[in-house]
Amino acid sequence: MPNVSNKTKFDCIVIGGGHAGAEAAHAAARIGANTCLITISRDTIAKMSCNPAIGGLAKGQIAREVDALGGLMGLATDATGIQFRLLNRSKGPAVQAPRAQTDKYKYKDYIRAMLEQTPNLTIVESMATDIITENNIVHAVKCADGITYYTPTVVLTTGTFLRGLMHIGTHQFPGGRLDEPASNELSDSLRQIGLELGRLKTGTPARLDGATVDYDKTEIQAGDEKPVPFSFMTDKITQPQIPCWITYTNEAIHKIIRDNLHQAPLYTGQIKSTGPRYCPSIETKIIRFADKERHQIFLEPEDIEKTTIYCNGISTSLPKNVQEQILKLLPGTENARIVHYGYAIEYDYCPPVQLKSNMETKKISGLFLAGQVNGTSGYEEAAGQGILAGINAVRKLQNKEPLVLGRDMAYIGVMIDDLLTKGINEPYRMFTSRAEYRLSLRTDNADRRLTQLGKSVGLVSSDRWARFQNKIEQMANLKKYLQENRTEGISLWDRLRRPNSELAEKMNEDEKVKEMKLPEDVLYSVIIDAKYEGYLGKQERLAAGMKTLENRNIPSDLDYNTISHLRYEARERLTAFKPGTLGQASRISGITPADITVIQIHLKKHEGREMKNEIRND
């Protein structure tokens, strides 16, 4: 590295100030690395470019995990949320999840303020154009203004900006988001240093002037009377809450869409990349679900004053005049003013099979990727990757083992493992069904799963740690009381475990429990631990059985073509994915248990030969 000014020399550089970048920069700086966040504008840090909401099924679990590790997302949501709902209340705790509408303007301002107050963090307003490497090792980042910043680690979190191309009808124009430029040079730079890039698509609906919507023609959707916070540091939500509204499409709208498919970029061949299957455009819904007479549309306020309304469920890239016709036929929006039109965007991403478990690229040492650049969708998925990438970039500097979350430890671990082993041909979205250990990956115990790890890497504050320890002590005291006290010869703990036990509802009536003055989250967690105890025991045994494969590393230079008896398809798949462990290898599509056995035998023989050679050399 040349003799450069301290103003252009950093331990870690984060490129991109979205949800992944914000968490990565905060984590790296807080742990102690001299960190630089390069973003086009401070005003767009943590911008909610699509839905003004955090959480949802599986996503709420990730948001709580980010919080448990010491991240920002949960705190920002609690501070700026305008409607909170706990989803799946009628189902088991394992699939319940918090969701909150936020004031999207206050949300980004909150995150920006938190970053500006973070020691060791410098925010630079510029556009990164080149990642400079030497011998496949990160060396520096060059920006459009001509300044070069030197660093041994880079976390790339570019969202939809890499060669972003936006579509409204037949009109196409470059952009990373509405009114923001695309990053073409950086995309070229990634190819030049040897990374493979692919192409994906996403989209967003129109935004309406909230004062021009006729809410009387819609159904009101209120939030919870007692909002459930996202952060383990929040006692309760105190700011005012407002509702959302529900309306429905109709056959007249569906006809307009069908009549104008010849102008829809998704169906004319203008858009060639794959969009998110689980968040389809309204034109895709009309075609895919042709038998449905109507589709539900949520009118969601983007701020506490209802200045703008997000039309959730009607994402589209149809021409402006067609969007106007649709909204004139949608109950409640007949006379609404469109603030900006829906659009689709195509962008470059890096297929995540190029990553190691620590989020570092296999090709370039010191280059970490997080967020939509890895093919994911959603703020929460981005934040989960961002905080891990930030942590591991610093741990690389410290010559420490990376923090890798197993599938049995966190939804974040499930997501990253999926990215490494299953490949991406459409934007990845997290679901509870993806997590085989979801009984133990609940929102209530995210702190018990991850806060100790957050502390061990230096990210968890002393206040958070003290609060966590107090909760653990309170839970232990309550559990001990329940196990040691009996009624009719049965411990309160065993009585609580029974199906349809009334003890859970009457817990607060117990005089001893009243004396403990326990918070609701402590009571809830102990009740769930009791009810799930038997199931969790089985799950833990399953996880223990998988540990053998998870802990068995595969040499990165292993030539699968030299393994006799390994099927040709398996050789191809394993060579492409280069799994780090037998556990990862077992989850690659097309790999059979027999293939894993063949690899195990090969590794044992190889180790035996190495041991004999060492003995001869001695």
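Presented here is an overview of the structure given in this document. In this convention, every chain numbers its residues from 1, walking through the sequence in written order. Per-residue local features are limited, in this predicted model, to residues with pLDDT of at least 70; the limit for side-chain atom pairs, both in listing and counting, is 80 or more; totals at the level of whole chains, interfaces and linings are taken over all residues. Note: side-chain values were computed over all heavy atoms of the structure, leaving out hydrogens and water.

## Side note on the overall build of the protein chain
Condition: In this description a helix means any DSSP run of H or I spanning at least four residues, a strand means any run of E spanning at least two, and both kinds are numbered starting from the N terminus. Residue-level accessible areas treat just the shown protein chains as cover; the underlying method is Shrake-Rupley with a 1.4 Å probe. In this count, Lys and Arg are taken as positive residues and Asp and Glu as negative ones, while His and the chain termini are left out. Charge positions are represented by NZ for Lys, CZ for Arg, CG for Asp and CD for Glu.
What the protein chain contains, in helices and strands, is 20 helices and 23 strands. Overall, the protein chain is about 85 × 75 × 55 Å in size when its C-alpha atoms are taken along their principal axes. Counting only carbon and sulfur atoms, one obtains 49% of the accessible surface of the protein chain, whose full area is about 26900 Å². Each charge sign in the protein chain was given a centre, from 80 positive and 75 negative side chains, and these centres are 3 Å apart.

## A closer look at the packing of aromatic side chains
Our working rule: Ring pairs are drawn from Phe, Tyr and Trp, using the six-membered ring of Trp, whenever the two centres fall within 6.5 Å, and their geometry is named by plane angle: stacked under 30 degrees, edge-to-face over 60, tilted for the rest. For each residue, the accessible area found with a 1.4 Å probe, counting protein chains only, is set against the maximum for its type, and the residue is called buried under 20%, exposed over 50%, and partly exposed in between. The rule for a charge over a ring is simple: NZ of Lys or CZ of Arg within 6 Å of the ring centre, and within 35 degrees of the ring normal.
For the structure on display, the rule yields five aromatic pairs. Ring geometry for Tyr 215 and Trp 245: centres 4.2 Å apart, planes at 40 degrees, overall tilted. Residue Tyr 215 is found in the loop between strand E14 (207-209) and strand E15 (219-221), and its partner Trp 245 is found in strand E16 (residues 244-248); the two are separated by 30 residues along the sequence. The exposure classification of Tyr 215 matches that of Trp 245, with both residues buried. Ring geometry for Trp 465 against Phe 468: centres 5.4 Å apart, planes inclined by 35 degrees, an arrangement best described as tilted. Of this pair, Trp 465 and Phe 468 both sit in helix H13 (residues 462-484), three residues apart, which is roughly one turn of the helix. This pair shows no difference in class: Trp 465 is buried, exactly as Phe 468 is. Against the face of Phe 232 rests Arg 64, its NZ or CZ located 4.2 Å from the ring centre.

## What to know about the sheet that holds strand E20 (residues 343-349)
To keep it simple, the criterion reads: Strands pair, by our definition, only if DSSP identifies at least two bridges between them. The convention used is that axes are lines fitted to C-alpha atoms, helices contributing only their stretch in contact, and that angles between N-to-C directions extend from 0 to 180 degrees.
Strand order in the open sheet formed by four strands is E12-E11-E20-E13, and the pairing between neighbours is antiparallel. Looking at which strands have only one partner, the edges of the open sheet turn out to be strand E12 (171-174) and strand E13 (198-204). Averaged over all pairs of adjacent strands, the angle between strand axes in this sheet comes to 25 degrees, irrespective of strand direction. Across three bridges, strand E11 (residues 165-168) lies against E20 in antiparallel orientation. By the bridge assignment for E20, Leu 165 is matched with Glu 346.

## Some thoughts on unusual backbone geometry
For residues that are not glycine, phi is negative in most cases, and the peptide bond is trans in most cases. Positive phi, close to 70 degrees, is recorded for Ala 58, a residue that is not glycine. Note on placement: Ala 58 falls in the loop between strand E3 (53-55) and helix H2 (59-69). Of note, Asn 120 is a non-glycine position whose phi angle comes to about 70 degrees, a positive value. Mapping Asn 120 onto the fold places it in the loop between helix H4 (104-116) and strand E6 (121-125).

## As for the nonpolar core
Note the cut-off: The criterion is simple. A nonpolar core is a set of buried Ala, Val, Leu, Ile, Met, Phe, Trp, Tyr and Cys residues joined through side-chain atoms within 4.5 Å.
Grouped together as the largest cluster of nonpolar side chains are 98 residues, with contacts concentrated most on Leu 367 and Ile 412. Counting residues in each nonpolar core, the second largest holds 29 residues, with Ile 257, Leu 299, Cys 311 and Ile 345 among its members.

## Topic: the environment of Glu 540
Structurally, the position occupied by Glu 540 is in helix H17 (residues 520-550). Sequence separation between Glu 540 and Asp 408 is 132 residues; the distance between their C-alpha atoms is 8.6 Å.

## Things to note about the sheet that holds strand E21 (residues 367-369)
The test is simple: Working rule for contacts: check all heavy atoms of both residues, and any pair within 4.5 Å makes them a contact.
Across the sheet, which stays open at both edges, the five strands sit in the order E6-E2-E1-E10-E21 with parallel pairing between neighbours. If you trace the sheet from one side to the other, it starts and ends with E6 and E21, each paired once. Geometrically, the sheet is characterised by an average inter-axis angle of 20 degrees between neighbouring strands, direction not taken into account. Relative to strand E2 (residues 35-39), strand E1 (residues 12-15) runs parallel, the two being bridged by four bridges. Its bridge partner being in E2, Ile 15 is matched across the sheet by Ile 38. Lying over the sheet, helix H1 (residues 19-31) contacts E1, E2, E6 and strand E10 (153-156), oriented at roughly 165 degrees with respect to E2.

## Topic: the pairing of strand E7 (residues 128-134)
Of the strand pairs in this sheet, E7 and strand E8 (residues 137-143) are connected by six bridges, and their pairing is antiparallel. For Thr 133, the partnering residue across the bridge sits in E8 and is Val 138. Joining the antiparallel neighbours E7 and E8 is a turn of two residues, in which Asn 135 adopts a positive phi near 55 degrees.

## Some thoughts on H1
Heads up, the rule is: By this rule the span expected of a helix is its residue count minus one, scaled by 1.5 Å.
Taking 1.5 Å of rise per residue, the 13 residues of H1 would be expected to cover 18 Å, and the 18 Å separating its terminal C-alpha atoms lies within 8% of that figure. Residues of H1 that are buried: His 19, Ala 20, Gly 21, Ala 22, Glu 23, Ala 24, Ala 25, His 26, Ala 27, Ala 28, Ala 29 and Ile 31. The first or second residue beyond H1 is Gly 32, which carries a positive phi of 130 degrees.

Purely spatial values, then, with no claim about function.
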